[in-house]
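Coordinate inspection notes
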Number of protein chains: 2
Amino acid sequence: MNVTLKDIARKVGYSVTTVSRALNDYDDVNEETKQLIKRVAQEMGYHPHVIAQSLQRRRTNTVGFIVPATDRYLSDPYFLELLAGIGDGAAGYDFDLLVSTCKPMDPKEHLVYERMVKGRRVDGIVVARTRCDDERIAYLVSEGFPLIAFGRITSDLDFPYLDVDGEKGVCEAVEYLIGLGHRRIGFISPSMYLMFAKHRLDGYRRALQDNGLELDLALVVEGNLTQAGGHQRMEQLLDLEEPPTAVITGNDLMAFGAMEAAQERGLVVGRDVAVIGFDDVPLAAHFRPTLTTIRQPIYDIGKMLSQMLIKIIKGEELAERQIILQPELVIRESSGVG
Amino acid sequence: MNVTLKDIARKVGYSVTTVSRALNDYDDVNEETKQLIKRVAQEMGYHPHVIAQSLQRRRTNTVGFIVPATDRYLSDPYFLELLAGIGDGAAGYDFDLLVSTCKPMDPKEHLVYERMVKGRRVDGIVVARTRCDDERIAYLVSEGFPLIAFGRITSDLDFPYLDVDGEKGVCEAVEYLIGLGHRRIGFISPSMYLMFAKHRLDGYRRALQDNGLELDLALVVEGNLTQAGGHQRMEQLLDLEEPPTAVITGNDLMAFGAMEAAQERGLVVGRDVAVIGFDDVPLAAHFRPTLTTIRQPIYDIGKMLSQMLIKIIKGEELAERQIILQPELVIRESSGVG
DNA sequence: CTCGACGTCCGAAACGTTTTGGATCTTTCG
DNA sequence: CGAAAGATCCAAAACGTTTCGGACGTCGAG
């Protein structure tokens, strides 16, 4: 049904070997026969059987990405952009992208990774949203399997990663708020098992300390990265004896929820209370009020991730095995006027 | 380096055949040997080489999905949800998901499909966002390749699909607006080469006709499905001699843009002008004002799509080869109070 | 006792490629 | 003229699995 090398060989009267080598442009086949074979292959509608090639070459030309879907919804627009970046970056090298979804910390998460690795379904894996103590990375490193991580981890395992300097980003945001006169600044953190939560909290701490403000632990709460989580935690902060006049959240989605919670209490965001998010998802610029946020170029990060990974797969040396990008504070309405 | 059947065979002293059959639970192998082989396989950390299996079984257990990424951004949250649905639906059958991105109507789009089909990378393909005259579907049908489409097409080609009754949805929305007293209702349509644009426009037309309103072509404009497109087209509508008092858009993203455009002119959406979207993406409920929209359950649709596709791949009969789901009008603030 | 059935196992071929290690023939050059 | 060098080709093995067809021994029925 499908044209194979054997079919072409029979047709042109050469061996399978020669046909294969002709199509792969080896130079130990006569130029004329090469042209002939290529023409016939074209005419017969030949396309290489990618699976057979993979088996023989021990290379699938595919990278894997397991989306940590939190539940029914991949609520975070973040991941689609990351995915698009990874996919496009891979496509630039003629690599495909194999996607699975799995709830983070699900006991069968390990099986999903194992299937990709041991089944040799992919040549390398992109690990996103690193955890402080990340068994996924530990596993891949111990298997000697090519990986690239988006995010660091606490242990000093050596592996290639790309990360955004969340500490610096939050630090700048806090200092910006302090500059606006805020003294009680809340922080809605992502779950602390996530590495980037730690970095961002560090930035929060450092900024307070550098500016002689005391850390009030009541102002630091832990949300779940969803809009609903932001909403809930914001209410908790507003219920305090001395509520904060400004709040920084672990991602934009929680910022959206926090702004809603404030608005429901009749507060005007940007005047009565300032809110700053993290990510700069496309909607941040369009929410009412528009969201001041710490921008990280997610699509580009995705693209860089797959490019780095493919270099590793191909055995090329990486110019930089560990990259830290600087985020950028994007000032809009939700933080009030400067 | 990786454990193969041969390694196990050598270890237990049986043939590769027997090991294979034991692990696949054939009943022509002694129960005790079967247990022994399974245990040893487990101990040695055996995992089947998926690629080799695919080659032999002529089955990849993988479905393909090509995201029609419009440009740098997969701006539409829609696709991530669809993707998650497809991925989870497939995972339920132990199928993987291979994702590519390609700009719609890009000349090399065909190559992307061809690569998946002819390279036998996948067992079936999900085609989303059908076009009136869809060469992708024509191609897959002509190749006899398993496919499932999200959306119909104009020709009467027979292929399995799932679609949402956009005509009915828009029709109901228009009638709802008419019930609120609106007489000049604008329609920001997606590009007309998209099949769902046609259906939705049909619904718009039918509702007007059924209610004795005349169709004013100046009120129908064509946007590009992005926020910016909605913004631009809304301005165009508001610039008319007799601007509309209500506008329906082809998707939520355009509705967001349209609302912005109205707000920038000092109009209060929901009072001065009504806006209704289509999709009900997660953010529709959180935008200011919250968006009245025609809801289609995207995640569930994705899940159904891959489930139907996998049934087709397995050669099972589909209870229904063509399914039309009914959308639901979700009334929120942007359409004004009833 | 013989025959067929059954239970258990295995060799070899196959899936569609790529690669290794020559084979064969022609050309070139001392 | 002989040998080395070069050009062009190919058979066979390999990648890791599944499956086809049969082999071999044992056991129960006739």
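Numbering of residues starts from 1 in each chain and follows the order in which that chain's sequence is written. Throughout, the order in which chains and ligands are written sets their labels, letters from A for the former and numbers from 1 for the latter. Residue-level local features of this predicted model are given only where pLDDT is at least 70; pairs of side-chain atoms are given and counted only at 80 or more, and the full residue set underlies all totals for whole chains, interfaces and linings. Calculated side-chain values reflect all of the structure's heavy atoms, with hydrogen atoms and water omitted.

Strands are runs of DSSP state E lasting at least 2 residues, helices are runs of H or I lasting at least 4, and numbering of each runs from the N terminus. Per the secondary structure count, chain A includes twelve helices and twelve strands. Restricting the calculation to C-alpha atoms gives the radius of gyration, and the globule rule supplies 2.2 Å times the number of residues raised to the power 0.38. Over its C-alpha atoms chain A spans a radius of gyration of 26 Å, topping by over 25% the 20 Å that the globule rule assigns to 338 residues. Each principal axis of the C-alpha atoms in chain A carries an extent, and together these give about 90 × 40 × 35 Å. Only protein chains enter the accessibility calculation, which uses a 1.4 Å probe; a residue whose area is less than 20% of its type maximum is buried, one above 50% is exposed, and one in between is partly exposed. Considering chain A as a whole, with its 338 residues, one finds that 55% of them fall into the buried category. Should any heavy atoms of two residues lie within 4.5 Å, those residues are considered in contact. For chain A, the share of sequence-separated contacts (at least 6 apart) that also reach a separation of at least 24 residues comes to 67%. Roughly 14300 Å² of accessible area belongs to chain A as shown, and the carbon and sulfur atoms make up 48% of that amount. Distance from the positive charge centre (38 side chains) to the negative charge centre (49 side chains) of chain A: 7 Å. Only the protein chains shown count as cover for residues, and the accessible areas themselves come from Shrake-Rupley with a 1.4 Å probe. Positive: Lys, Arg. Negative: Asp, Glu. His and the chain ends are not part of the count. We put the charge of a Lys on NZ, of an Arg on CZ, of an Asp on CG and of a Glu on CD.

Our next topic: the protein's contact with DNA strand C. Of all residues adjacent to DNA strand C, which total 28 residues, the nearest are A:S20, A:Y26, A:Q56, B:T18 and B:R58. What qualifies as a polar contact is a pair of N or O atoms within 3.5 Å, subject to a donor-acceptor requirement within protein and to the restriction that residues adjacent in sequence count only when both atoms come from side chains. At 3.3 Å from a base oxygen of DNA strand C is found a side-chain nitrogen or oxygen belonging to A:T17. Those elements that provide at least two residues to the surface near DNA strand C are α2 (16-23) and α4 (50-57) of chain A together with α2 (16-23) and α4 (50-57) of chain B. Each residue is assigned to one of three groups, with Ala, Val, Leu, Ile, Met, Phe, Trp, Tyr, Cys and Pro labelled nonpolar, Asp, Glu, Lys and Arg labelled charged, and all others, Gly among them, labelled polar. In the surface near DNA strand C, the residues fall into nine nonpolar, 15 polar and four charged. To be near a molecule or strand, a residue needs just one of its heavy atoms within 4 Å of it.

Moving on, we get to the relation of the copies chain B and chain A. Copy-to-copy superposition: least squares on the C-alpha atoms, limited to residues that have pLDDT of at least 70 in both copies. The transform that puts chain B on chain A rotates by 180° and translates by 0.1 Å along the axis, for an RMSD of 0.1 Å. A rotation of that kind, with that shift, is consistent with a two-fold axis. Residues of chain B ranked by C-alpha distance from the rotation axis are headed by B:L98, positioned 2.3 Å from it. Counting the interface residues of chain B, we find that 98% of their copies in chain A are interface residues as well, pointing to one common contact surface.

Let us now look at the pairing of strand β3 (residues 124-128) of chain A. Residues and elements named next belong to chain A. In terms of residue burial, β3 counts as a mostly covered element, since five of its five residues are buried. Residue alternation in β3 divides its side chains into two sets, G124, V126 and A128 and I125 and V127, and both sets are buried. Any two strands with at least two DSSP-identified bridges between them are counted as paired. Of the pairings in the sheet, the one linking strand β1 (residues 62-67) to β3 comprises three bridges and is parallel in character. Bridge pairing in β3 places G64 opposite I125.

Backbone hydrogen bonds are what pair the strands of a sheet, in a parallel or an antiparallel way. All names here are of chain A. Taken in spatial order, the six strands make up an open sheet running β7-β6-β8-β9-β10-β12, and their pairing is mixed. Each edge of the open sheet is held by one strand with a lone partner, namely β7 (220-222) and β12 (328-330). When strand polarity is set aside, the average angle formed by the axes of neighbouring strands in this sheet is 20°. Bridge analysis of strand β10 (residues 292-295) against β12 gives three bridges, and the strand direction is antiparallel. If you follow R295 over to β12, its bridge partner there is E328. Sheet strands touched by helix α9 (residues 195-210): β6 (185-189), β7 and β9 (274-279). Its angle to β6, the strand with the most contacts, is close to 170°. Each axis is a line fitted through C-alpha atoms, and for a helix only the stretch in contact is used; angles between axes span 0 to 180 degrees, taken between their N-to-C directions.

What follows covers the protein's contact with DNA strand D. DNA strand D sits among 27 residues. The nearest are A:N30, A:R58, B:S20, B:Y26 and B:Q56. In this structure, B:Q56 approaches DNA strand D through a side-chain N or O atom, which is 3.4 Å from a base oxygen. Looking at the surface near DNA strand D, the elements that each hand over two or more residues are α2 and α4 of chain A together with α2 and α4 of chain B. Tallied by class, residues from the surface near DNA strand D come to nine nonpolar, 14 polar and four charged.

Salt-bridge detection follows one rule: a side-chain nitrogen of Lys or Arg within 4 Å of a carboxyl oxygen of Asp or Glu. Applying the stated criterion to the full structure yields 39 salt bridges over all chains. For the salt bridge of B:R131 with B:E135, the shortest nitrogen-to-oxygen distance reads 3.4 Å. Linking B:D280 and B:R332 is a salt bridge whose minimum nitrogen-to-oxygen distance equals 3.1 Å. Placement of B:D280 in the loop between β9 (274-279) and β10 (292-295) and of B:R332 in the segment after β12 (328-330) is noted, with a sequence separation of 52 residues between them. Here the residues in one salt-bridge network are A:D25, A:K34 and A:K38, joined through shared partners.

Our next topic: helix α9 (residues 195-210) of chain B. Along an α-helix, residues three or four apart share an orientation, since each turn contains 3.6 residues. Residue and element names in this part refer to chain B. If you check α9, its first and last C-alpha atoms are 23 Å apart, about what 16 residues at 1.5 Å a residue would give, namely 22 Å. Among all positions of α9, only M195, F196, A197, H199, R200, L201, G203, Y204, A207 and L208 are buried. Immediately beyond the C-terminal end of α9, within one or two residues, lies G212, with a positive phi of roughly 70°. For a helix, the expected span equals 1.5 Å multiplied by the residue count minus one.

With that settled, the discussion passes to helix α3 (residues 31-44) of chain B. Residues and elements named next belong to chain B. Taking 1.5 Å as the rise per residue, α3 with 14 residues should run 20 Å; its terminal C-alpha atoms sit 20 Å apart, in good agreement. Residues of α3 that are buried: T33, K34, I37, V40 and A41. Projection of α3 onto a plane perpendicular to its axis shows the buried side chains occupying an angular sector of 135°, all on one side. Exposed side chains of α3 directed beyond 90 degrees from the buried face belong to E32, Q42 and E43. On its buried face, α3 sits against α1 (5-12) and α2. You can read the cap of α3 off the contacts: a side-chain oxygen lies 2.6 Å from the backbone nitrogen of E32, and it is on N30. Note on α3: the residue one or two positions beyond its end, G45, has a positive phi of about 75°. The arc in question is the one traced by the directions running from the helix axis out to the C-beta atoms.

What follows concerns the domain arrangement of chain A. For the purposes of this description, domain bounds are those given by an automatic or database domain assignment. Annotation of chain A at the domain level lists domain 1 (5-48), domain 2 (62-164 + 298-325) and domain 3 (166-296 + 328-335). Spacing between the C-alpha centres of domain 1 of chain A and domain 3 of chain A amounts to 63 Å.

A separate point is the interface of chain B and chain A. At the interface, 50 residues of chain B touch 49 residues of chain A. Defined in terms of a 1.4 Å probe, buried area is the accessible area two parts forfeit on being brought together, summed over both. Summing the contributions of chain B and of chain A, the shared interface buries around 4900 Å²; its carbon and sulfur component is 58%. Contact with chain A buries area across many residues of chain B, yet B:I51, B:L80 and B:R288 alone supply 14% of it, more than any other trio. For the pair chain B and chain A, the number of links is five salt bridges. A salt bridge links B:D96 to A:R115; its shortest N-O distance comes to 3.1 Å. Of the residues forming the side of chain B that touches chain A, the biggest block, seven residues, is contributed by helix α5 (residues 77-91) of chain B. In this structure, strand β2 (residues 96-101) of chain A lies alongside strand β2 (residues 96-101) of chain B, joined through three bridges in antiparallel fashion. From the neighbouring strand, A:L97 faces β2(B), where its bridge partner is B:V99.

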